[in-house]
Amino acid sequence: MIVGFDFGTTNSLVSVVVGDRVIDVMDVETGRPHPSIVRYEGEHVVVGRDAKDALGAAGIGVHGNTVKSPKFLLGEEVIAVGGVDRSPVDIVADVVRHVRSESLRSPQRKVLGGLDNAVVTIPVTMNGHRRAALREAFAGAGMGVAPLPLRPRCHHTRRRASGERRWE
């Protein structure tokens, strides 16, 4: 089965179409998508809601040992996070791994299959080098990537499939 994976600037989530319904897999505790934030505490990796709570209201980018919206770093060779050089591909893989793991523990896990393959939404401006880095990050998190649709088309398709008037 191939699922949809919205790897967003602010939040990320997995969705799947079952029959004529779109099922979004949200954070079990908040009922919202998973924040696209990673925090490194020594060898311990904290992702999602816990990383967001520790960060506060900071903007996009690297803030000490925390990265908010890591997809913007794809294409860079290495970045310093908390004084440690890290690969943006590995940072993105940490977010993908977290969303995949949480989704596989969710109440919707039975309709997701193994979450081995996904159609991933990307910004229109993401070039070939950055797309390749995104594919590499997903592979590092144990997921294959189907052809990448541009974000506006994917959101339009999702709205039509679910009957929603607006994406939130």
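We now turn to the structure provided with this report. Note that the structure is a prediction, hence the values are computed from the model and not measured.

This structure, assessed with the given rule, holds seven salt bridges. In this structure, Asp50 engages Arg49 in a salt bridge whose closest nitrogen and oxygen atoms are separated by 3.5 Å. With its nearest N and O atoms 2.8 Å apart, the salt bridge here joins Arg97 to Asp94. Taken together, the residues span about one helical turn, with Arg97 and Asp94 both in helix α2 (residues 88-104) at a distance of three residues. Residue Asp94 is classed as buried on the basis of its relative accessible area, which comes to 14%.

Attention now goes to α2. Because the α-helix completes a turn every 3.6 residues, residues three or four places apart line up on one side. Taking 1.5 Å as the rise per residue, α2 with 17 residues should run 24 Å; its terminal C-alpha atoms sit 24 Å apart, in good agreement. In terms of burial, α2 is largely enclosed, as twelve of its 17 residues are buried. By the burial criterion, the buried members of α2 are Pro88, Val89, Ile91, Val92, Ala93, Asp94, Val95, Val96, His98, Val99, Arg100 and Ser103. With a side-chain oxygen lying 3.1 Å from the backbone nitrogen of Val89, the N-terminal cap of α2 falls on Ser87.

In this section: unusual backbone geometry. Even without glycine at this site, Ser69 takes up a positive phi of about 65°. Here Ser69 falls in the buried class, since its relative accessible area comes to 2%. Even without being glycine, Leu115 reaches a positive phi, approximately 50°. Taking the relative accessible area as the measure of exposure, Leu115 reaches 0% and is therefore buried.

Let's shift gears to the pairing of strand β11 (residues 117-121). As paired strands, strand β1 (residues 2-7) and β11 are joined by five bridges and run parallel to one another. Across the sheet, Asp6 pairs through a bridge with Thr121, a residue of β11. Pairing between β11 and strand β12 (residues 144-145): two bridges, direction parallel. Looking across to β12, one finds that Ala118 is bridged to Val145. In this region the chain leaves β11, passes through helix α3 (residues 128-140) and returns to the parallel neighbour β12; the handedness of that crossover is right-handed.

Reading the values: the criteria
Counting restarts for each chain, with residues numbered from 1 along the sequence as it is written. Predicted model: local features are reported for residues with pLDDT of at least 70 only, side-chain atom pairs are reported and counted for 80 or more only, and whole-chain, interface and lining totals are derived from all residues. Side-chain descriptors were evaluated using all non-hydrogen atoms of the structure, hydrogens and water having been removed beforehand. Throughout this description, the term salt bridge denotes a Lys or Arg side-chain nitrogen within 4 Å of a carboxyl oxygen of Asp or Glu. Strands are runs of DSSP state E lasting at least 2 residues, helices are runs of H or I lasting at least 4, and numbering of each runs from the N terminus. Exposure categories follow from relative accessible area, calculated using a 1.4 Å probe and restricted to protein chains: below 20% of the type maximum is buried, above 50% is exposed, and the middle band is partly exposed. Given a helix with a known number of residues, its expected span is that number minus one, times 1.5 Å. Any pair of N or O atoms that falls within 3.5 Å is considered a polar contact. Within protein, one atom must be able to donate a hydrogen and the other to accept it, and sequence-neighbouring residues count only if both atoms are side-chain atoms. A pair of strands is considered paired only if DSSP assigns at least 2 bridges between the two. Here a crossover is taken to be right-handed if, once the strands point away from the viewer, the path from the first strand over the helix to the second is traced clockwise.

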